[in-house]
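Overview (structure and organization)
Here's the letter readout for the chains.
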Amino acid sequence: MIDNNLITVNANIPPYPEMGVDLILDNDLSTYYGSTRSIQAQGLTSGDVIFEFKEHLAINKFDFYTELNFIGANKWGRIRSYEILYQNDISTTDWVILIPKTEVNATDGWRENDFPTVYAKRICIRVYGSDGGFILINSIRAYENFEITEELGECFEEITNKEVNLKENLNLSIIQNIKEKFSENKELLNILDVVKHIYLSGNKEYKIIEILSSKVSPKEYSKKLRGHENKNLNFLGIKLQKNKHYLINSDSECELLLLSNSENRPSISGKLLLQEGLNKVFLKVGGELIVENTDDKNLNFKIFGFFKSSIFKMGNDKFKDFLERNENAENVYIEGKNFLAYTDKKWIEDNFDEHRFVDSVVTLDIVLDYVDNLLDIAKFHYERTPIKRKFWIGSPEEGLVQGNSELGSYMSFGKNYSLYFNNGVHKLVTPGLCKVLAEDLVSKTFFPLQLRELLVLGFQKTLELKYTKIVLMEETDVAKLFTKLLLYSNSDIFISRLFGKYCDYAFIKEEKPLDKMVLWMSEVLMRNCGKLFSDLGCDISENIITMCQNFPDFTMDINNLTLENYKHFQREEKRLFNREYLNTTPKEEA
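Starting afresh in each chain, residues are numbered from 1 along the sequence in its written order. Residue-level local features of this predicted model are given only where pLDDT is at least 70; pairs of side-chain atoms are given and counted only at 80 or more, and the full residue set underlies all totals for whole chains, interfaces and linings. Calculated side-chain values reflect all of the structure's heavy atoms, with hydrogen atoms and water omitted.

1. Some remarks on the overall build of the chain
Each helix and strand counted, the chain has 17 helices and 28 strands in total. C-alpha atoms define the radius of gyration in this analysis, and the globule rule sets the expected value at 2.2 Å times the number of residues to the power 0.38. Taken over C-alpha atoms, the radius of gyration comes to 32 Å for the chain, far larger than the 25 Å a tight globule of 590 residues would show. For the C-alpha atoms alone, the extent of the chain along its principal axes is close to 100 × 65 × 45 Å. Type-normalised accessible area, obtained with a 1.4 Å probe on protein chains alone, sets the label of each residue: buried when under 20%, exposed when over 50%, and partly exposed for intermediate values. The proportion of buried residues among the 590 residues of the chain is 54%. Contact between two residues is taken to exist if any of their heavy atoms lie within 4.5 Å; hydrogens are not considered. Contacts in the chain between residues far apart in sequence, at least 24 positions, make up 71% of those at least 6 positions apart. Note on areas: Shrake-Rupley, 1.4 Å probe, and residue coverage restricted to the protein chains presented here. Split by element, the accessible area of the chain, about 27400 Å² in all, is 47% carbon and sulfur. Counting rule for charge: Lys and Arg are taken as positive, Asp and Glu as negative, and neither His nor the chain ends is counted. Where a charge lies is defined by one atom per residue type, namely NZ (Lys), CZ (Arg), CG (Asp) and CD (Glu). Taken as two groups, the 72 positive and 88 negative side-chain charges of the chain have centres that lie 4 Å from each other. Helix and strand definitions here come from DSSP, where helices need a minimum of 4 consecutive H or I residues and strands a minimum of 2 consecutive E residues; each element is numbered from the N-terminal end.

Structure follows, in structure tokens:
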């Protein structure tokens, strides 16, 4: 049995006074750890009590003692449902289950747990159910297979949280002999596969990565907003090279993507289909490693043999280090909270210091927060968008455009980098950026052309008004009228409410494109907009024009509204409306 003095312990629920977790290790059954709150009151689905060994040990049995006893004024805490899990710093990524969820009868005493030998650094008792929801553990007994500890110990010089160092006298013959002894034990074979990979490749450094799940699936988000199809992509901060061997441990089946260095549009140079557990990978192509978020589970990876990434990830990287490790790169990636950008490295060097660079990342994120709020006001109330909008270098021939790629919608800027990356909101937000952002929001496939053009115009002008205070009138009469109505609303809620109505609407095949637009504008502004569009010669159904007549006409000529006077115009129009409509008596109406 392992000496408890060689073990440390912590728990994810704080202890009740004088019932600390260290009491589990004092070999005294009369003392115990008691949680200060129940699992449910702590807002958890389980309570974890984690034991860490001073060094990696071969463990094959782990028992704990639990009973019903006083925690405060009541007797609580006896464990009725639990799992036993383990971790090491070699072959595992997340916790690995040793004893599946086990239900036990309501008796005090030892819970004995035997399992095939594992090489462990940490053991976890994960509690799902107990008397009163509190956790009470008196003591533990951990058992070691000394022979296996000694044998595996011959492989390792030092194991840290960043690298695994092998002993100098280790060779393939020794590794193979040990593998043959443990041929029936999957967990130990995983350890030895890592040892063999490190021995052959020299890749002793590893990186552990956790990608958190999305609360909303990008596909569902795009579908509900009637937007372009998109994916929620995350850089792993790792660059893989072609014709190299890699070892990747994944806690679940998933697909990793290799991002191509294409300037024109986001594209994939390769895919890695990972199985749960260890994956031996040989790549014929290289690239930045990215993964699409799932909406149902977190993803955990441990990767041996990685190369430093060409990406700057806000919160993870320092500007100086980012430039140094990309000394020979032509282009680089930038990841913010809401975006992925691909831009010219020399342009970044020539135009930014650390402060201005970080400010530019934050600025673009702030603008995109506002864009997402425009969508969210519609009624979806997402905590945040599950997608990151993509800003790409593009080609001068294409200029400023929105496009669609195998990785979803993206915006291309014709190698004019300052159009999508600049410090200070007033430098960044130009009419060009507003237009391409607006085009990124409104699907080309769902909306008829004339309707889409007006919705894009609505988002564009709302962004211009928010950040530049300059809104140019459009050339066509319909676009000009739409812009004037948006200015009259004097609120970004105008386009949000208008767009939000379309998100739940199913088009009828014979329906005229502008019918619902005109009716809904009348509802939002509480004025008859049908007459205005009909006077311009727009093709509006008679029944829609009739429905719009349920709302009063404007009391002033909307054609007289300008950017310079729109606030005064709105106030004066409403003043006249109040005088002419609201103050009209029944006698006067008669």
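Once you've had a look at it, read on.
2. So, the pairing of strand β20 (residues 287-292)
Across the six residues that make up β20, a large majority, five, are buried. Pairing between strand β15 (residues 233-240) and β20: five bridges, direction antiparallel. Looking across to β20, one finds that Leu233 is bridged to Glu292. Strands qualify as paired when DSSP identifies two bridges or more between them. Sheet topology places strand β17 (residues 254-259) next to β20; four bridges connect them, and they run antiparallel.

3. Thoughts on a positive patch on the surface
Taken together, the side chains of Lys466, Lys469, Lys567 and Arg571 make up a positively charged region of the molecular surface. Assessed through its relative accessible area of 43%, Lys567 is described here as partly exposed. A patch consists of residues exposed above 30% relative accessible area that lack any salt bridge, with like charges linked at up to 9 Å and nonpolar side chains (Val, Leu, Ile, Met, Phe, Trp, Tyr) linked at up to 5 Å. Any Lys or Arg side-chain nitrogen located within 4 Å of an Asp or Glu carboxyl oxygen qualifies as a salt bridge.

4. Things to note about a nonpolar patch on the surface
A surface patch of nonpolar side chains, about 280 Å² in accessible area, is lined by Leu172, Tyr199 and Leu200. Mapping Tyr199 onto the fold places it in helix α3 (residues 186-201).

5. Quick notes on the sheet that holds β20
Taken in spatial order, the five strands of this open sheet run β18-β17-β20-β15-β22, and their pairing is antiparallel. In this open sheet, the two strands that pair with only one neighbour each are β18 (268-274) and β22 (307-308). In this structure, β17 lies alongside β18, joined through six bridges in antiparallel fashion. When the bridges of β18 are listed, Leu256 appears paired with Leu272.

6. Digging into the side chain of Asn234
With respect to the helices and strands, Asn234 occurs in strand β15. Setting aside its immediate chain neighbours within four residues, Asn234 contacts Ile211, Leu289, Ile290, Val291, Asn293, Glu335 and Lys388.

7. Regarding the pattern of salt bridges
Between side chains of opposite charge, pairing is possible as soon as their charged atoms come close. One pass over the full model with this rule turns up 34 salt bridges. Note that Glu263 and Lys415 form a salt bridge whose closest N and O atoms lie 3.2 Å from each other. Here Glu263, found in the loop between β17 and β18, pairs with Lys415, found in the loop between β28 (408-413) and α8 (425-428); they are 152 residues apart in sequence, far enough to count as distant. For Asp372, the salt bridge goes to Arg389, with nearest N and O atoms at 3.3 Å. Remark: Arg389 occurs in strand β26 (residues 389-392) and Asp372 occurs in helix α7 (residues 354-376); sequence separation between them is 17 residues. A network of salt bridges, in which partner residues are shared, links Lys61, Asp63, Glu112, Asp114 and Arg141.

8. Structural notes on the sheet that holds strand β16 (residues 245-250)
Strands sit in the order β14-β21-β16-β19 across an open sheet of four strands; the sheet is antiparallel. Of all strands in the sheet, those bounded by a partner on one side alone are β14 (206-211) and β19 (277-282). Within the sheet, the average angular offset between the axes of one strand and its neighbour, ignoring direction, is 20 degrees. Note: β16 against strand β21 (residues 299-304), four bridges, orientation antiparallel. Opposite Asn249, over in β21, you have Lys302 as the bridge partner. In the packing of α3 onto the sheet, contacts are made with β16, β19 and β21, and the angle to β16 comes to roughly 155 degrees. All axes are obtained by fitting lines to C-alpha atoms, using only the stretch in contact for helices, and the reported angles, taken between N-to-C directions, cover 0 to 180 degrees.

9. Re the packing of aromatic side chains
Describing an aromatic ring pair means giving the distance of the ring centres and the angle of the ring planes. Centres within 6.5 Å are what make two rings of Phe, Tyr or Trp a pair, Trp counting through its six-membered ring; a difference in plane orientation under 30 degrees is then read as stacked, over 60 as edge-to-face, and the rest as tilted. For the structure shown, the criterion picks out 33 aromatic pairs. With a centroid separation of 6.0 Å and 35 degrees between ring planes, the pair formed by Phe322 and Phe357 is classed as tilted. Taken together, the residues span a long stretch of sequence, with Phe322 in helix α5 (residues 319-325) and Phe357 in helix α7 at a distance of 35 residues. Judged by its relative accessible area of 0%, Phe357 falls in the buried class. Among the aromatic side chains, those forming a connected cluster through ring pairs are Phe312, Phe319, Phe322, Trp347, Phe352, Phe357, Tyr417 and Phe421. Charge-over-ring contacts are defined here by two conditions on Lys NZ or Arg CZ: a distance within 6 Å of the ring centre and an angle within 35 degrees of the ring normal. Over the ring of Tyr467 we find Lys466; its NZ or CZ atom is 6.0 Å from the centre of that ring. Against the face of Phe577 rests Arg527, its NZ or CZ located 4.0 Å from the ring centre.

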